[in-house]
Each structure stands twice: as structure tokens, then as C-alpha cells.
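Chain residues, written in single-letter form:
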Amino acid sequence: MKNSILAQFGWHLLGVLLFYVATFLYFKPELIDDKTLIQSDMEHYKAMVAENSAFRKATGEVSMWNSRMFGGMPAYQIYPIFSYGGIEWLEKATFGFFSSSSGAHLFFVTALCFYGLMLAFGVRPLIGAAGALAFAATTYNLILIEVGHITKLWAIAYSCLVLAGMKVVFDSQTWQKRLFGFALTALGMALELKAAHVQITYYWGFVCLFYGLSELYFGFREGRLKTVFINGALLLLAVGLGVAVNAGKLLTTAEYAQYSTRGISELSPLEGNADKQGAEGLSKKYAFDWSQGKGETFTLLIPMLYGGSSNEILDEKSATFKVLTTQAGYTRKQVEELPLPLYHGDQPFTAAPIYAGAIVCFLAVLGFLLVEKRYRYWILAGAVLMVFFAWGKNFEAFNYFLFDNFPAFNKFRSVSMALSLTVLLMVLMAVLGVESFLKYLDQKEETNPTKESLLWDKALQQKFLIAFFLTAGIALAVALMGSSLVSVASPNDARIGQLADFLKEDRLAMMKGSAWRSFFFIFLSAAALVAVAFRKIPTRLALAVVFVLMVFDVWQIGFQYLNYDTFKPAKAQTDYNAKRPVDEVLLADTELGFRVLPLASFAQESRTLYHHRSVGGYFAAKMRRYQDLIERRLYGEDQFIQDQLRGGKLPDFSQTPTLNMLNAKYIQINPSKDGAIRNPKAFGAAWLVEKIETLPTADAEMEALGKFPLDKVALVREDQTEKITATTFQKDSSDFIRLVEYKPNYLKYEYQTQAEAFAVFSEIYYPHGWVAKIGEKELPIVATNYLLRGVALPKGKNTIEFRFQPQMYEQGEMVTRLSSWLVFALFVSSIGILAVQFFRKEAA
């Protein structure tokens, strides 16, 4: 019994040990040398949530409002804090117990989850481990680690668990295994949605649908429809449990989506820019900016087919290197550190090619010819569909139709990311292809046991040659014919003058060299498999050769983009958000509620958020109304200030009414001690007006922002007038309103008026969650000046308090907490039941 247990689990332990070894080798600087990745998106993220994090640390309270970014917005998308119970323990286990702030955990979780998928498909442990390492080391996954797109890579990794759970359920012959598959699907779906990258989850849903339809078809053919329907119902229930675990996140997202840039704009399109925003969701241009070229898809096979990245470093043998050092006066060191735009594909720029691996491509094609039809067609359909999605605007007939007609398709951008799921499916099929090849040989050997007989029959030979010529043949054609097949020109070449001619020469050299490389990798792996079929070498030796080459292939290309030089001393990570001299000056101002405008970069800048409330920020799904304000007003006022300063003048801030109402008290010009100028016209945290001007439409309200004195007149749309009882107000010289207490989710103002008044608050209006009270009396909050809050105040001296109490968050949090423990209990119990069953079987 003891030996049987070791045989069952020893290989799995060895596989996991390989993941740890590979992770330590790749992330040695991070794990041993006290270095770190300067993940740009993570640096932005830390700044975005700095206030929420500090508030939670100081008080233990979670604020679902972020007041520092874009004048204020719900924190549902950037700071989704919910009680996930035991699910968080299982999540840490999938991380290999590496820190979630490390790049190492991302590599490990990708390998581990893909390995789980391999085991669900019955792949031998070491073959599955090799496939898992090859997938984890593909360029797209490594680039996601480098830039800090952690939610995307989590979603890619956990999609493997969802598919693995489906496979176990569909193949189960006992209720114990069916229960485990059910629990695994629920856990996978819970972690998938917890990752919060809806676009990857949405795309993966098509793959799962194809798998389900395939099972339905074969169930019908084999007369087991009842079983398929039962399994399908169980899987739907498991998915429902995974959704319930994320109820808090999903409910708040659904609430916010309609008010975000993914929702509908109330304004007419800007003249000459009708494509900027569709009737609902994103515009086509914005959604499909990052579309893969059709030819560019072949970087899956030949990594440098389109020049690699937009910031390649050339060696001294390159034509560009030589001309820069001999004619342009650059030193060798300068050129070695000079990133050059060698990429010449259809996307605006790219950090690395999406390379699946030459051997993976060869084995995947072989798999599509050898693997049983039950798996072949849905995997092929899923892989091809993801390619179609990635083509985006380069396949208009298909993608524009889906964009206009298919639910939620118009909510997503950067569609080229779909190709990452093609890579996943290709690696899956490559490993299944090797398994099928070995099983085919095993079957032949049973009927031809003598060493003199060949296992290489005509049927296998044809399939093998098709796979070889479709992959190695393409690589060889590119190596020999080069630019006659793929243009090496880029639309951006005009910007760099004569240097473009030398870059084209280097692009061609890279393309051919990369094609030869892919050809030889395929040739060597194919030769190893042929040698097995001819009984020239042992099967284990051949597999070792193939899988070492397969992992080395992707590892070597990936290491060009994420390597030891990418890691920097840990101190460098803290420097990005460290206080600068200008921050020290602004923090010395103790007035509550003011904001800062980072000049020229405010709409994409996050550093300011770490220390101050900003007019801008860094987040794609900002509030729709705020995006409208940026486009219609703030860009213009920001440009006005720049023009005035360039002309040697101090800006006339009476010409920046929108910035004034947002209480932009300081304009940040540079990081020096004198790098900010004060705006004396800023209205303050709140002010009392003399009049309310009612307007019929959103367009009229936006236009009026530049016509009325906003410190005296409040703009209110007609659909809000039921919340007010008067439109003119008598102001006395003794009247005032001021902010006296500030927290991210709580604001307290003191005011005094001699008559009924109307106050405008320099805070963003959001129709859910915010409650305004004087004592126990709740006051209606009026949408004012297109996106601010206004409140009609009774006369006298009082205190008015605003609290953010989002019911959707509170309800979702309760469902999340209960569902998380249920899924955790199901998963642990199912493993326990399988263990008991296994030991009983061994004892018998």
C-alpha cells in the first residue's frame, strides 16, 4: 500500500517541485537578491488606492469611495475588499505561498493551474509538468508579470481550473469524482471572478461553451444524453456558486458600469468625433486600437516575424548599431541601452511578441490530427475564435457584427489579449498530441512486439508529415524568402528618417534568424519522435529531449523581455511614490478638501494620488460624466494654463471655471519646491449660491459651465428640480459653509445662513450610496453643475454630514462571505471523500 501511495503521488510532488525550482531560477533576484520588478501598472495601482489603504490600516474600516482620483469615484473596481473566508487560504496555496506582491507567485500559479488541467485530461505527470512550465514561460505571460497586469494573469491561470473541473465532471463514473469536479469548478469560477478581469473571463466563456456543446453532441451520438444533462446542470450550479462567491464584486460592478465610461453618454458626440462613444459601451476605434494583424498571428510560431517589440535592444552586429556608432556619434554603451522600434505590426506598440513556441505549434498541429474527436473540435474552435477576436478591426465583418449585436462585446478593448487564450489551448493540444502519439505507438507495439517491426505506419506518417510541413515548412519559407512574404516597413518609419532603412535591414535579419531558429527546434523535436517510432532511442529519452527543448524554446525568448536586468533594487520601488519637494509644500497646507491639477498629464497621471486629491488620475473605467468633463472642459482649461505659462504670464484663473468648482487650489508644474502655483479663484470645498439655473438637457448643462459664474449660480437639470423648492436665495454677509471633518467616506460641514440656501459641494455626484443628513433628517442630494452635489439647506446654524453607505456593497459582502465558506467546505470535503475512497481501495 505504501509503495502504491508513493507511486500515485510521488510524480505529482516531483512536478510541483519542478515548479518551485523553475520559479526560484527565474525570480532569483526577487526571492534571494532583494530586488524587485518595477511593475508600472502596480505602481499606478498603489497610488490609486493609497488613501483607501491608509484609511483601512488606521481605522480597520473599509471605504468604498475613493476621493483622490478624478475628483472622487466609487472604489468598487480598484479596491474590492470582501470577506472571502477559506477561499483566500486556497488562493494562497495556488500562489505556492509566495507573496502576492511578487512576480514569482504569478509564474507559479500559472504553472500549477495548468498542471491541474493536464491531470484532469489524464496526462502523465512529467509530461503535464513540462507543458505547464512551457505555458508559464510564454512571452505574453511573462510580459504581464513585468508590467504588473496581475488580474489578467490570475484570470488566465484560474480559467484552467474551471476547464479542469468541467473535464472531471463530464468524465466521472462515480459520485465521489463528480462531487470533486463540481467543487473544483465552483472553486475555479470563484477564483476566476475574484481575479476581476472580466474580459478574459468573458472570452473563456466561449471556450467552455464549445466544450459543453461538444459533450452534448457526443452524448447524443452515444446515447447518454441524460448523463450529459445531469452533468451540465451540476456545472451550471457550480458556476452559480462561483458567481455567488463574488456577489459583492459583481453587484457593485453592475451598479457602477452604467455610470462609467462603459455606459451611455448623455451628451451628443463632439463634432468630428462621432466615433468616440457609441450608444452604449466603448467606441469601435477605442475598442479595436490594439488589434492583431492577420499575418502577425504567425508570431505564435516565429517570434521575431514582426520585429519583436517596440523597444528592442540591438547587438553590435546589427546595421543600426554600426551606423549609430560610426556615423551618428553614439558610444557603444549608449546604443546598447537604446531601445529601438523594430516592431512593424498593426498595433500602436507592443512590449513583446505573443509567442507560443515553435515546438508547441508543431505538437499542437499533430494533436489536432491525432487526438480523439471528442476533444479535437472544441479546442480547435476555441483557439480559432480567439484568433478572430484578436484580429479586431482587421476582421471587421466578424468583430464589428459582434460589437454591434452581441451582449457585452462592446465593453472591452485591447482585443489582442484574446490570443493569450489561443496559446493556452495550443499548449493543451500540444501535450495531448504527445500523449496521443505515445498511445498510438503503444497500441502498435502490442500488435508488433518484435524489435524488427516498425511502429511508423502510413497513417501516422501522413499526419506527422502534415504537422511538420505546416509548421517547419512555414518557418523555412520565411527563412528563405523573408520580406517577399512579410513587409518589414512600419507606418512609424517616416518619423525616424534615413535610420528607417537600417532598421528595415535589421528587421529582415531578425525575421530570418527567428524563422531558422523555429525550423531547427521543430526539426530536432520531430527527429526525436521519429527515432522513437523507429525504435532507435527509448521513449523516455525522446520525451526528455522534446520537453527540454520545448521549455527552453519559450524560456529563451521570454528571457529576452523579462530577465535579471529587469529587476531593480527594492528601494527603487518605493522611490516612485516618495514625497517630492512639491509634495512637502502642498501637504503643509492644512485646508481640507482642496485638489491638485498635475499640469499637462492630469488625465493619465497617478503619482499625485499617493499624497493628494487630484483633478485627474489613472483609470480606464472612470465615471462617464467625468470623462465628458475632461473632454469638453478640463483639457481646454489645462491647455489655457500651459499657454499662459509659456507666454510668461500667471494664468487668469477666472478663465478656468471648471477647475475652480473642482477646488483645484494648486497647479502642479514640476516636482521642485517651487513647482506649484496657487489658484486664488478656487471655490473651496463648498459654497452658497444666489440662484439655480434650470436646464433642459445634458448638452445645455455642459455648455452652461462656461457661461455662468459658477460661484454664484448653480446649474440643475430639469429632471432634478423635484428635489428643490426654490431657485433664488438671499445671501447675507455672515452666511458661510465650510468643511470641518474629512474621511474618504465621510464629510462634515458647518454652515450658517439667515435664510433658506442652496449649497454646492466640490464633490462628485453619484446616485447610489451617499446620504446627506442634518441631525436625523435626510436631505436630497441634487446633481449640480453636471457632476457635483448640491443640497438645499434650511436656515440657521447647523451641521450637515455626508456618509457613503452603499447598500449594494453591504448586501454583496454578506452573500460573498457565506458562499465562500460553502465552496471552501465543498472543496475540502470532496478531497477528503476521495482520499477515504482511495485508502479503502488500497486496503482492500
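Keep in mind it's a predicted model, so treat the numbers as computed, not measured.

Basis of the calculations
- Residues numbered from 1 in each chain as written.
- Predicted model: local features only at pLDDT ≥ 70, side-chain atom pairs only at ≥ 80, totals over all residues.
- Heavy atoms only, no water.
- Pairing = 2+ DSSP bridges.
- Helix = DSSP H or I, 4+ residues; strand = E, 2+ residues; numbered from the N terminus.
- Salt bridge = Lys/Arg side-chain N within 4 Å of Asp/Glu carboxyl O.
- Buried < 20%, exposed > 50% of the residue type's maximum accessible area, 1.4 Å probe, protein only.
- Axes fitted to C-alpha atoms, helices over the stretch in contact; angles between N-to-C directions.
- Contact = heavy atoms within 4.5 Å.
- Expected span 1.5 Å × (residues − 1).
- Left-handed = near helix turned anticlockwise from the far one by under 90°.
- Polar contact = N/O pair within 3.5 Å; in protein donor to acceptor, adjacent residues only side chain to side chain.
- Phe/Tyr/Trp six-rings, centres within 6.5 Å; stacked < 30°, edge-to-face > 60°.
- Lys NZ or Arg CZ within 6 Å of the ring centre and 35° of its normal.

Caption draft 1: The arrangement of the pairing of strand S11 (residues 736-743) in detail. Here S11 pairs with strand S12 (residues 746-753) via 7 bridges, running antiparallel. Within S12, the residue paired with Tyr742 across the bridge is Leu747. Counting the residues that bridge the hairpin from S11 to S12 gives 2 residues.

Caption draft 2: Representation of the pattern of salt bridges. For the coordinates displayed, the defined rule picks out 29 salt bridges. Glu215 is the partner of Arg374 in a salt bridge, and the nearest nitrogen-oxygen pair spans 2.6 Å. Of this pair, Arg374 sits in helix H18 (residues 373-391) while Glu215 sits in helix H11 (residues 198-221), placing them 159 residues apart in sequence. For Glu215, a relative accessible area of 0% translates into the label buried. Between Glu763 and Arg595 there is a salt bridge whose closest N-O contact spans 3.4 Å. Residue Glu763 is found in strand S13 (residues 757-764), and its partner Arg595 is found in strand S5 (residues 595-598); the two are separated by 168 residues along the sequence. Members of the salt-bridge network, linked through shared partners, are Lys167, Asp171, Glu215, Glu222, Arg224 and Arg374.

Caption draft 3: Quick look at the sheet that holds strand S7 (residues 676-678). If you trace the 3 strands from one edge of the open sheet to the other, you get S5-S6-S7, paired in mixed fashion. Strands with a single pairing partner mark the edges of an open sheet, and in this sheet they are S5 and S7. Across the sheet, the mean angle from the axis of one strand to that of its neighbour is 30 degrees, orientation sign disregarded. In terms of strand pairing, strand S6 (residues 664-668) meets S7 through 3 bridges, oriented antiparallel. From the neighbouring strand, Gln668 faces S7, where its bridge partner is Ala676.

Caption draft 4: Focus on the sheet that holds strand S14 (residues 770-774). Spatial ordering of the open sheet is given by S11-S12-S18-S14-S15, a layout of 5 strands whose pairing is antiparallel. Lying at the two open borders of the sheet, with one neighbouring strand each, are S11 and strand S15 (777-779). The average angle at which neighbouring strand axes cross in this sheet is 25 degrees, direction not considered.

Caption draft 5: Structural view of the pairing of S5. Burial of S5 is two-sided: the residues Arg595 and Leu597 facing one way and the residues Val596 and Pro598 facing the other way are all buried. As paired elements, S5 and S6 share 4 bridges and run parallel to each other. In the sheet register, Pro598 faces S6, and the bridge partner there is Gln668.

Caption draft 6: Focus on the side chain of Asn745. Relative to the helices and strands, Asn745 resides in the loop between S11 and S12. Asn745 gets classed as buried once you look at its relative accessible area, which sits at 8%. Excluding residues within four positions of it along the chain, Asn745 makes contact with Phe55, Glu61, Val62, Ser63, Trp770, Phe802, Arg803 and Phe804.

Caption draft 7: View of helix H6 (residues 104-120). Taking 1.5 Å as the rise per residue, H6 with 17 residues should run 24 Å; its terminal C-alpha atoms sit 25 Å apart, in good agreement. Along H6, 14 of the 17 residues are buried, which leaves the element largely enclosed by surrounding structure. Two residues or fewer after H6 comes Gly122, characterised by a positive phi angle close to 75 degrees.

Caption draft 8: Layout of the packing of helix H10 (residues 175-194) against helix H12 (residues 225-245). One way to put it is that H10 packs onto H12 with a least axis distance of 7 Å and a crossing angle of 35 degrees. For the pair H10 and H12, the crossing hand works out as right-handed. Contact residues: H10 offers Arg178, Phe182, Thr185, Ala186, Met189, Ala190 and Leu193, while H12 offers Thr227, Asn231, Leu234, Leu235, Leu237, Ala238, Val239, Leu241, Gly242, Val243 and Val245.

Caption draft 9: Quick look at the environment of Phe521. Relative to the helices and strands, Phe521 resides in helix H22 (residues 499-533). Take Phe521: its relative accessible area is 10%, and that puts it in the buried class. Along the primary structure Phe521 and Ile474 are separated by 47 residues, whereas in three dimensions their C-alpha atoms are 13 Å apart. With sequence-adjacent residues up to four places away left out, Phe521 is seen in contact with Ala358, Ile359, Leu549, Phe552 and Asp553.

Caption draft 10: Spatial organisation of the environment of Trp175. Structurally, Trp175 can be placed in helix H10. Within the structure, the side chain of Trp175 is placed 3.5 Å from the side chain of Gln176, a separation counted as a polar contact.

Caption draft 11: Representation of the packing of aromatic side chains. This model, assessed by the stated rule, comprises 68 aromatic pairs. Their ring planes at 50 degrees and their centres at 5.0 Å tell us that Tyr202 and Phe412 sit as a pair that is tilted. Taken together, the residues Tyr202 in helix H11 and Phe412 in the loop between helix H19 (396-405) and helix H20 (419-447) connect sequence positions 210 residues apart. Relative to Phe218, the ring of Tyr217 lies with its centre 5.1 Å away and its plane at 80 degrees, an arrangement referred to as edge-to-face. Among the aromatic side chains, those forming a connected cluster through ring pairs are Tyr202, Tyr203, Phe206, Phe388, Phe389, Trp391, Phe395, Phe398, Phe406, Phe409 and Phe412. Its guanidinium or amino end placed over the ring of Tyr84, Lys194 lies 4.8 Å from that ring's centre, counting from NZ or CZ. Directly above the aromatic system of Tyr786 lies the positively charged group of Arg625, at a separation of 5.4 Å from the ring centroid.

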